[in-house]
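# Structure at a glance
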Amino acid sequence: GSVPPAAAAAAAGTDARSTTQLPSDIGAAAGGGAVFDVSDAAKRITSDVMGQMLFGEDLQGTQWKPSEYLELFYPVLRAQGELINNPFHLWQLWRRDVRLQRGCLAKHNDIMDRKMDRLMAQPPPDYTIAAHLLKARVDGRPLNRNQLKTEVAAFMAAGFETTSHAITWTLAALAAHQDIQQQLVDELASLGLAAAGAGGSADSSQLRDIDQSDFSRLPLMSAVIKETLRLCPPAPWGGTKRAPADVQLCGFTVKKVRDAS
């Protein structure tokens, strides 16, 4: 399907600001011998895009300021993971990490409540996911506040965090295989999307923004992304596989799964 023009423009505006600033920030860090946190940058970029697509809001992550949501997210995610394995996890109040997670969950709930207040008071633009959720009907009835809050929180978490991990692992893989990295730069440069040459430095104003029609002309980029997702899937939960026959893998035998009788 196609992306609505208003949504594309909003997301592109966020992405353009982010990707214009990102290379100079990395260059400044490298020039000073400092470490640049690419994972944090990826989280900020994807959270800003999700803010636009979900709410029509600029979450200002790429202004490189402290983000309450990003700081809360991983303790909340860890708590949710623990609850899958142990439904009584959050009742272990003698544990410091549990007390921290309970506090983060309460703050996250407060953030989502404030989002709901704004959504109810001022509906977001029609292109946003939240606008579609507000129009959704289940058994002829609109989603109630708790249902809406749950859906919004799930879209936000699933939309930005998995994508940022995929970006981070892709960049790590390219850093480890610089011959492929250069081939990818050359492919992007052939379409005016990157600076050609080993240095790869150019005024970003001379480059154009990527367009949806470009993807069919970027076979190496597609292959790099797909191979990274194969090696480092950002959301492996629920992805277990059943072997239909005994399989030899790296000197080990993966046994065929036999149904219990």
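An account of the accompanying structure is given in this report. All of these numbers come straight from a predicted model, not from anything done at the bench.

## As for the layout of surface pockets
Empty space among the atoms becomes apparent when a probe as large as a water molecule is rolled across them. Each pocket or cavity is described by its volume, and for the second largest pocket that value is around 570 Å³. What lines the second largest pocket is a set of 22 residues, among which Phe 73, Val 76, Leu 77, Gln 80 and Ala 157 lie closest to the centre. Among the secondary structure elements, those contributing two or more residues to the lining of the second largest pocket are helix H3 (68–85), helix H4 (96–121) and helix H6 (145–176). Per-element accounting of the lining of the second largest pocket gives the leading share, eight residues, to H6. Residues that form the lining of the second largest pocket fall into these classes: 14 nonpolar, six polar and two charged.

## Re a nonpolar patch on the surface
Where nonpolar side chains cluster on the molecular surface, the patch consists of Val 247, Leu 249 and Val 254 and spans about 230 Å² of accessible area. By secondary structure assignment, the location of Leu 249 is in strand E3 (residues 247–249).

## Some thoughts on unusual backbone geometry
Residues other than glycine seldom take positive phi values, yet Asp 139 does so here, at roughly 55°. Note on Asp 139: relative accessible area 68%, which makes it exposed.

## A closer look at the nonpolar core
Ranked by size, the top nonpolar core spans 26 residues in total, and within it Tyr 69 and Val 152 carry the most contacts. Non-local contacts of Val 152, meaning those with residues more than four positions away in its chain, are made with Leu 54, Phe 55, Met 112, Met 116, Leu 119 and Leu 133. Leu 188, Leu 193, Leu 218 and Met 221 belong to the second largest nonpolar core, which has nine residues in total.

## Focus on the packing of aromatic side chains
Following the criterion strictly, the structure yields zero aromatic pairs and no others. Lying across the ring of Phe 55, Lys 115 places its NZ or CZ 4.7 Å from the centre.

## Quick look at H4
Since one α-helical turn is 3.6 residues long, residues separated by three or four positions face the same way. For H4, spanning 26 residues, the distance from its first C-alpha to its last is 38 Å, which sits close to the expected 38 Å at 1.5 Å a residue. Among the structural elements, H3, helix H5 (129–135) and H6 are those in contact with the buried residues of H4.

## Looking at the pattern of salt bridges
Counted according to the given criterion, the structure contains 12 salt bridges. Asp 40 is the salt-bridge partner of Arg 44, the closest N and O atoms lying 3.0 Å from each other. You can see Arg 44 and its partner Asp 40 sitting in helix H2 (residues 38–54), four residues apart, about one turn around the helix. Judged by relative accessible area, which is 22%, Asp 40 ranks as partly exposed.

## Topic: the packing of H4 against H6
Across the interface, H4 lies against H6 with an axial gap of 10 Å and an inter-helix angle of 115°. Viewed along their axes, H4 and H6 adopt a mutual orientation that is roughly perpendicular. H6 is crossed by H4, and the crossing has right-handed handedness. When H4 is examined against H6, the residues His 108, Asn 109, Met 112, Asp 113, Met 116, Asp 117, Leu 119 and Met 120 are found in contact with a partner set consisting of Arg 145, Leu 148, Lys 149, Val 152 and Ala 153.

## Here we look at helix H7 (residues 178–189)
The first and last C-alpha atoms of H7 sit 16 Å apart over 12 residues, in line with the 16 Å expected at 1.5 Å per residue. The set of residues buried in H7 consists of Leu 184, Glu 187 and Leu 188. In an axial view of H7, the angular spread of the buried residues amounts to 95°, which keeps them on one side of the axis. Exposed side chains of H7 directed beyond 90 degrees from the buried face belong to Gln 178 and Asp 179.

Rules of the game
- Residues numbered from 1 in each chain as written.
- Predicted model: local features only at pLDDT ≥ 70, side-chain atom pairs only at ≥ 80, totals over all residues.
- Heavy atoms only, no water.
- 1 Å grid on protein atoms, 1.4 Å probe; cavity = no way out; pocket = protein on both sides within 12 Å on 5 of 7 lines; lining within 4 Å.
- Points joined across faces, edges and corners; volume = space filled by probe spheres on them.
- Helix = DSSP H or I, 4+ residues; strand = E, 2+ residues; numbered from the N terminus.
- Nonpolar A, V, L, I, M, F, W, Y, C, P; charged D, E, K, R; others polar.
- Patch = residues over 30% accessible without salt bridge, like charges linked within 9 Å, V, L, I, M, F, W, Y side chains within 5 Å.
- Areas by Shrake-Rupley, 256 points an atom, 1.4 Å probe, with all protein chains shown as cover.
- Salt bridge = Lys/Arg side-chain N within 4 Å of Asp/Glu carboxyl O.
- Buried < 20%, exposed > 50% of the residue type's maximum accessible area, 1.4 Å probe, protein only.
- Core = buried A, V, L, I, M, F, W, Y, C linked by side-chain atoms within 4.5 Å.
- Contact = heavy atoms within 4.5 Å.
- Phe/Tyr/Trp six-rings, centres within 6.5 Å; stacked < 30°, edge-to-face > 60°.
- Lys NZ or Arg CZ within 6 Å of the ring centre and 35° of its normal.
- Expected span 1.5 Å × (residues − 1).
- Axes fitted to C-alpha atoms, helices over the stretch in contact; angles between N-to-C directions.
- Parallel < 35°, antiparallel > 145°, perpendicular 65-115°, else oblique.
- Left-handed = near helix turned anticlockwise from the far one by under 90°.
- Arc of directions from axis to C-beta.

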